[in-house]
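Spelled out, the chains give:
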Amino acid sequence: MNKFLKFLNLTKDWILEQIFPSKAKCLFCETDVPDFDNMPFCEHCLESNILNEGTRCKFCDVPILDGNQVCDFCASKHKHFTKATCPFVYQTQVRRAILKLKEDHALYLVSDLAKIMVKRISEENFKFDYIIPVPVHEKTKKRRGYNQAELLAKEISALTGKPMLSDLVIKYRMTKSQKFLSYEERQRNLKDSFSLTDKNFVKDKSFLIVDDVITTCATVNIVAMLLKKSKAKEIYVTAIARNPLKKKK
Ligand SMILES: [Zn+2]
Ligand SMILES: [Zn+2]
């Protein structure tokens, strides 16, 4: 789409937003909802199991079905963070909304999603000093115009009063698309892509890492590893949604 058409499209969205504010619509499927402030999604989405509830891994918050407390990943891989929490499961409707936020400038989703994330963070009693968004490469940010993890982190910072540090961890090398890679391949792909800009700052401080989705934990684990290497105290993680683990082959 050329720039002018994109501009027209955004203008149309803006005008529609003024007439039919998205506030009263389900965050995930845009159906009207009766009581947005209490429940910003519709019955249909709720019945499709969008909420990450029930038995979950006590470390990475992935839904688990076999009655264990720890998932296979956390039982076998070295984690560098204390605990993660994600209010939603990364399934059809949630995935669609996050893709809209990521690729289609649906920035109106940020504040409501951040509010729900903050509710979960306080229920989990996470104690942290600073908030760190998972960085994207500057080329990606330039192309997209924003880093959605940073927008979420900024909102979480406003709601919790904890400062956001968007330059402490940077991504200085573009990585290949992670979509079809296994955890080990992702780790290799990500290693040496991120870097810490101020190692001395990190010592004895606790951090909350913010991302949009946790798929395999590979990315947040690399960021957490950098912080831990520089002697960070505790590291917590939050994202909008958690991808269910793939069944072992
Ligand atoms: Zn819905
Ligand atoms: Zn786990």
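Refer to the structure presented above.
Residues numbered from 1 in each chain as written. Chains lettered and ligands numbered in written order. Predicted model: local features only at pLDDT ≥ 70, side-chain atom pairs only at ≥ 80, totals over all residues. Heavy atoms only, no water.

Caption draft 1: Region of the structure containing the coordination of the zinc ion (ligand 1). Coordination of the zinc ion (ligand 1) by the protein comes from Cys-26 (SG), Cys-29 (SG), Cys-42 (SG) and Cys-45 (SG), over a distance range of 2.3 Å. All donor residues of the zinc ion (ligand 1) come from one chain, and their arrangement in sequence is C-x2-C-x12-C-x2-C. Placement of the pair is Cys-29 in the loop between helix H1 (3-19) and helix H2 (43-47) and Cys-42 in the loop between H1 and H2, with a sequence separation of 13 residues. For Cys-29, a relative accessible area of 26% puts it in the partly exposed group. Since its relative accessible area comes to 7%, Cys-42 is described here as buried. (Donors = N, O, S within 2.8 Å, 3.2 Å for Na, K, Ca; no water. Helix = DSSP H or I, 4+ residues; strand = E, 2+ residues; numbered from the N terminus. Buried < 20%, exposed > 50% of the residue type's maximum accessible area, 1.4 Å probe, protein only.)

Caption draft 2: Structural context of the environment of Asp-61. Mapped onto the secondary structure, Asp-61 falls in the loop between H2 and helix H3 (72-76). Remark: the alpha-carbon pair of Asp-61 and Cys-86, spanning 25 residues in sequence, is separated by 6.7 Å. Here the side chain of Asp-61 touches Arg-56 through a polar contact of 2.9 Å, side chain to side chain. (Polar contact = N/O pair within 3.5 Å; in protein donor to acceptor, adjacent residues only side chain to side chain.)

Caption draft 3: Fine view of the nonpolar core. The biggest cluster of nonpolar side chains holds 36 residues, and the ones touching the most others in it are Phe-28, Phe-88, Leu-113, Ile-156, Leu-208 and Ile-240. The set of elements that each furnish at least two residues to this core consists of helix H4 (92-103), helix H5 (109-123), helix H7 (148-160), strand E6 (207-214) and strand E7 (235-242). Broken down by element, the residue count for this core peaks at 8 residues, all from H5. With residues up to four places along the chain from it excluded, the contact list for Ile-240 reads Cys-86, Pro-87, Phe-88, Ile-98, Leu-101, Leu-113, Met-117, Leu-152, Asp-211 and Asp-212. By size, the runner-up hydrophobic cluster in this structure holds 35 residues, among which are Phe-73, Cys-74, Val-169 and Phe-207. (Core = buried A, V, L, I, M, F, W, Y, C linked by side-chain atoms within 4.5 Å. Contact = heavy atoms within 4.5 Å.)

Caption draft 4: View of the packing of aromatic side chains. Scanning the model with the defined rule gives 6 aromatic pairs in all. Considering the side-chain rings of Phe-28 and Phe-41, the 6.1 Å spacing of their centres and the 35° angle between planes classify their relative orientation as tilted. On the criterion of sequence distance, the pair formed by Phe-28 in the loop between H1 and H2 and Phe-41 in the loop between H1 and H2 is long-range, its members being 13 residues apart. A residue is classified by how much of its surface remains accessible, and Phe-28, at 5% relative accessible area, is buried. Using a relative accessible area of 8% as the deciding quantity, one classes Phe-41 as buried. (Phe/Tyr/Trp six-rings, centres within 6.5 Å; stacked < 30°, edge-to-face > 60°.)

Caption draft 5: The arrangement of the coordination of the zinc ion (ligand 2) in detail. The coordination sphere of the zinc ion (ligand 2), as far as protein atoms go, consists of Cys-57 (SG), Cys-60 (SG), Cys-71 (SG) and Cys-74 (SG), spread over 2.3 Å. The coordination sphere of the zinc ion (ligand 2) comprises 4 donor atoms, whose angles at the metal cover 105 to 113°; the geometry is tetrahedral. Read in sequence order, the donor residues for the zinc ion (ligand 2) give the motif C-x2-C-x10-C-x2-C. By the burial criterion, Cys-57 is buried, and Cys-60 matches it. (Tetrahedral: all angles 85-135°; square planar, octahedral: opposite > 155°, others 65-115°.)

Caption draft 6: Expanded view of the pattern of salt bridges. If you walk through the whole model with that rule in mind, you get 12 salt bridges. Residue Lys-83 pairs with Glu-124 through a salt bridge whose shortest N-O separation is 3.3 Å. Taken together, the residues span a long stretch of sequence, with Lys-83 in strand E1 (residues 83-85) and Glu-124 in the loop between H5 and strand E3 (130-133) at a distance of 41 residues. Taking relative accessible area as the criterion, Glu-124 reaches 24% and is therefore assigned partly exposed. Between Asp-212 and Lys-102 there is a salt bridge, with its nearest N and O atoms 3.8 Å apart. Taken together, the positions of Asp-212 in strand E6 and Lys-102 in helix H4 put the pair 110 residues apart, joining distant regions of the chain. By relative accessible area, Lys-102 is classed as partly exposed at 26%. Through salt bridges with shared partners, a single network forms among Arg-56, Asp-61, Lys-83, Arg-120 and Glu-124. (Salt bridge = Lys/Arg side-chain N within 4 Å of Asp/Glu carboxyl O.)

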